[in-house]
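Coordinates in review
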Amino acid sequence: MINFNEIERKWQKYWEDKEVFKAVNNSDKPKYYYLVEFPYPSGAGLHVGHVRSYTALDALARKKRMMGYNVLYPMGWDAFGAPAEQYAIKNHIHPKEAVSENIKTFKGQVKALGLSIDWSREFSTTDPEYYKWTQWQFLKFFEHGMAYKAKKNINWCPKCKTGLSNEDSSGGICERCGSKVEQKEKEQWMLRMSDYAEDLITGLDDTNFIDRIKTAQINWIGKSTGAEVDFEIKGIDDVLTIYTTRPDTLYGVTFMVVAPEHPMIEKHQDMIKNMNEINDYKTKAKNKTEFERTQVNKEKTGVCIDGLTAINPITNAEIPIYISDYVMMNYGTGAIMAVPAHDERDFEFATKFNIPIIPVIEQITGEKHDNEKIKNSIVAVLYDEKTDKYLTINWKELGGRLFVGGTRKDNESPIDCAIREIKEETGYVNIEYVHDIFPINHHYYAYNKNQAFEIESIGLLFKLVDDKKESTNLDVDEENKFTVEWVDKSVIEKEVKDELHITTFNNLLKPQAYTGDGKMINSGVLNGLTNKKESIAKMIEYLKEQGYGKEKTNYKLQDWIFSRQRFWGEPIPLVYCEDCGWVPVKEEDLPVLLPDVANYEPTENGESPLAAITDWVNTTCPHCGKKAKRETDTMPNWAGSSWYWLRYMDAHNDKEFVSQEALKYWGKLDFYNGGMEHATRHLLYARFWNQFLYNIGLVPNKEPFDTRVSHGMILGDGGVKMSKSLGNVINPDDMIKLYGADALRCYEMFIGDYEKEVSWSEKGLNGCKRFIDRVIRIGDKVSKKDNYSNNLEKIINKTIKKVTEDYDNMKFNTVVSSLMILLNEYEKQTEISKEDYRVLLVLLNPIAPHITEELNEQYDLGSPICESSWPTYDESKLVDDEKDIAVQVNGKVRATIKISMDDTEEEIKEKALKAENVINHTNGKEIVKVIVIKGKIVNIVVK
RNA sequence: GCCUGUGUGGUGGAAUUGGUAGACGCGUUGGACUCAAAAUCCAAUGGUAGCAAUACCGUAUCGGUUCAAGUCCGAUCACAGGCACCA
């Protein structure tokens, strides 16, 4: 019996001693750079999820090496940040020690997997030799004006006592500890990431990220185009500038809204008569967290500013201004023009505050025709509360079920028209007007009149007061052609087919803003246009001409809050001098080391724990030499991971962050794997950082990563998340002890589609263990013969092709199943050749490297696999000369026939028609045609 | 609400990209070996009917395109992830 743990140690030592996986800078071989996001060495140890991605990339790396590449597959540790600090506080040890302990366990676990990592390039972000260069690069940002300090209303975690970026506090919950995030005003270092918004979008074209990552990034950056428009304020020489994506609706503006923090309020407070009320509102808004403020379903609130009135630049209408927290100060200009007819939020606000609503876009229904006649009309819905029914007119074949409709006479108001039509057609006279809706632009063709019409239709809702009826007043030709019927809503939904009528009905029951495309009305120069794009362009042109506004693009992406009030992070290498301001620490004085002290717990007042260490804080100004103080904020966790892939290229350089030579040789990171949860944060920060380095000439590529893939999560048995509290966490160490590293690796590759989440099953792992055992046992059948056995040659060549392609497409699960199929075939043989055995071992080696090396050595099959090349297949050996194909009759499989590859189409057809069960199904029927797809299928169509 | 995905046996998942649905593994059942168990090996395994040949049904639901649909198109439902008062 083979002791697999012993074999694992043996080969791991062999690889290490011989340095087989060491990547060489400047080799003649083509280079390839694989990377998995480096782990955060938490106290919990390695997760089986880590095993999945590490093994997958290890398999790719091993195969690539065998294909003749100089492969870089490094590993390191992302060890700054709150968890390590929390752990240290809890266990009363210095984070430095906690981290080095965790790294030790983590590394041991990773090594037990037998990964082909070049350990000579290992580092931790917490190494002073590394964070020296993180600090150095921060100073580059500072030197180029890309870092600035700003007073910011920041997301503040009361438990972690630190500021959080928007990315770290999504949903109003602290990413680390789950506490509710508050708002706090603090001075923070910021990086001008929003300057790079456009480049971060366009740069994606130079990457091979999978689409869902690209779209996630694009959505996060949130580009929108529109216009900024200046609204004069009545009686003062000042304008209110707003941002809108819909300048085409400018004629429909009925109010303005500014964010509670908008500076114009303070600026013009002496004009404002209800300042108390406004201040009250401002205070309330401030106390709400960002999360509460952005709860979508919350009812709108606001206060009208009494004393300030805006003037619509194109209509000169006077417009009230409100403050409301549904407008954010940090996006656009912090002020909007509100068009309630065509914006859902504005509609809700206007409805609540009784503000007029002016439609400027008509929804279009029906189909346009040539030579349309224009008329105005109404559609009237009459509702009876007592029976919960609606009045309809059933025109039967002549037009189906409709509501009361009619043409408006000259100078007749829609209401009058509707009342008249209802009486004329149905006789009801005691009805009460409820409301009407925006006009609809409808097109139809009247066959009885042989005429096309374009109508502007207004929908009106009435309530029936009582059943009193007067005689109807119908044209002779209308009589007896329809019946008046009261029906339920459900009948209407099923039977009213006319687009105008059903749209009218739906809009009447649920009045809402119309945000779609349509025909411009009430809009001066834009009237009649039906294309949104065109209307917007025309309006922007007009605004520019008149000097009222300009085109403008906005992004949701904000600048990066780069300060953390924590101990365990890279100190920001700046010194504040009363005379010189913020001064960078001199390059030769880097790194600014974290002091070795006992107290690193967060302070109550929100300052970094470093602020309490006076020895450390007090220093001299690098510029003038006077007394000065160090910056006590540290960098966020994301800093160290924003350039680490570059460091692996030249991991121990003490002169530069990485040499230009190494940068040039390794170029882009070819293949980067990481969790989907980093698609918008780490990946954007890293790309931003790299683009900046590129722009100042420090790296050769603007985009750092070529391909980016994401592995799916591994869930516990039954599809629930693995968690300590559920007690379903699987420890890879235990699995290795019980089943061996190769079986564990094999199972995690076999478990399912690499990109999808899967659930863990120990039975499945045992199945892979059985597979490995069978690979070992098949060794008993190895003969002295070389070369592939004749009867295995074909399947071997096919398997090489399939497995090679599947590795390249990361379809590891079918790599394993193909090899299982090959093994099943071997087991049917009485003996197999050395070469048969060797090829199986080599193909399996990237996934199960230890046992395959061992068996290769034991049976003396050739040089160690890690030093061999990848097998090739012979195209000519792939084709079958005979094949079973299916014969269908009318699309249903009725028989299979054996065909030879040189059979002509005629011969195949003949065989197919002669097949027994085919005759049963074609007998007595007319054969319409026979479709022969060579080598695949025959389909006989009969009648 | 918006944007991505996903939906196939008891189960994890395959399916040459429109061509025999369920490969391979797990589980289950039966058998062999064993005093017995474990391990191993052999056989069966989508559902219904039938001794069987075979027939019908079957890839979330409904409809469409096609000689042929898990695959393409349209609508709906469910789940997962991301974004969310971004004007």
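Residues numbered from 1 in each chain as written. Chains lettered and ligands numbered in written order. Predicted model: local features only at pLDDT ≥ 70, side-chain atom pairs only at ≥ 80, totals over all residues. Heavy atoms only, no water.

1. Things to note about the protein's contact with RNA strand B
Taken together, the neighbourhood of RNA strand B is formed by 53 residues, with T245, K298, K300, R345 and K556 sitting nearest. Taking all atoms of RNA strand B within 4 Å of the protein, the share assigned to sugar and phosphate is 66%. Between a phosphate oxygen of RNA strand B and a side-chain N or O atom of K892, the distance comes to 3.1 Å. One of the side-chain nitrogen or oxygen atoms of N939 is found 2.7 Å away from a base oxygen of RNA strand B. Of all the elements, helix α24 (residues 812-827) adds the most residues to the surface near RNA strand B, at six residues. By residue class, the composition of the surface near RNA strand B is 19 nonpolar, 15 polar and 19 charged. (Near = heavy atom within 4 Å. Polar contact = N/O pair within 3.5 Å; in protein donor to acceptor, adjacent residues only side chain to side chain. Helix = DSSP H or I, 4+ residues; strand = E, 2+ residues; numbered from the N terminus. Nonpolar A, V, L, I, M, F, W, Y, C, P; charged D, E, K, R; others polar.)

2. Some details on the pattern of salt bridges
For the coordinates displayed, the defined rule picks out 50 salt bridges. When the shortest N-O distance is used, the salt bridge between R745 and D58 registers 2.7 Å. One end of the pair, R745, is in helix α21 (residues 741-750); the other, D58, is in helix α2 (residues 48-66), and 687 residues separate them in sequence. Since its relative accessible area comes to 0%, R745 is described here as buried. Its relative accessible area of 0% is what places D58 among the buried residues. The residue K519 makes a salt bridge to E454 at a minimum N-O spacing of 2.9 Å. Taken together, the residues K519 in strand β22 (residues 519-520) and E454 in strand β20 (residues 451-464) connect sequence positions 65 residues apart. (Salt bridge = Lys/Arg side-chain N within 4 Å of Asp/Glu carboxyl O. Buried < 20%, exposed > 50% of the residue type's maximum accessible area, 1.4 Å probe, protein only.)

3. Some points on the sheet that holds strand β6 (residues 208-209)
Here we have five strands laid out as an open sheet, ordered β2-β1-β29-β30-β6, and parallel in their pairing. Strand pairing shows two members of the sheet lacking a second neighbour, β2 (70-72) and β6, which therefore form its edges. Helix-sheet contacts for α2 involve β1 (31-36), β2 and β29 (669-673), and the interaxial angle to β1 is about 170°. Most of the contacts of helix α19 (residues 682-695) go to strand β30 (residues 705-709), to which it runs at about 175°, and overall it touches β6, β29 and β30. (Pairing = 2+ DSSP bridges. Contact = heavy atoms within 4.5 Å. Axes fitted to C-alpha atoms, helices over the stretch in contact; angles between N-to-C directions.)

4. Focus: the environment of T530
Looking at where T530 falls in the secondary structure, it is placed in the loop between β22 and α15 (532-546). Look at T530 and you get partly exposed, because its relative accessible area is 34%. Spatially, the C-alpha atom of T530 lies 42 Å from that of H678, the residues being 148 residues apart in sequence. Setting aside chain neighbours within four positions, we find T530 in contact with I364, K368, D517, G518 and K519.

5. With respect to a negative patch on the surface
A contiguous patch of negative charge, built from D902, E905, E906, E907 and E910, is present on the exposed surface. With respect to the secondary-structure elements, E910 resides in helix α27 (residues 905-914). (Patch = residues over 30% accessible without salt bridge, like charges linked within 9 Å, V, L, I, M, F, W, Y side chains within 5 Å. Areas by Shrake-Rupley, 256 points an atom, 1.4 Å probe, with all protein chains shown as cover. Lys, Arg positive; Asp, Glu negative; His and termini not counted. Charge placed at Lys NZ, Arg CZ, Asp CG, Glu CD.)

6. Here we look at α2
The end-to-end C-alpha separation of α2 is 27 Å, in line with the 27 Å expected for 19 residues at 1.5 Å each. Within α2, 18 of the 19 residues are buried, leaving the element largely enclosed by the surrounding structure. Just downstream of α2 lies G68, where phi reads positive at about 95°. (Expected span 1.5 Å × (residues − 1).)

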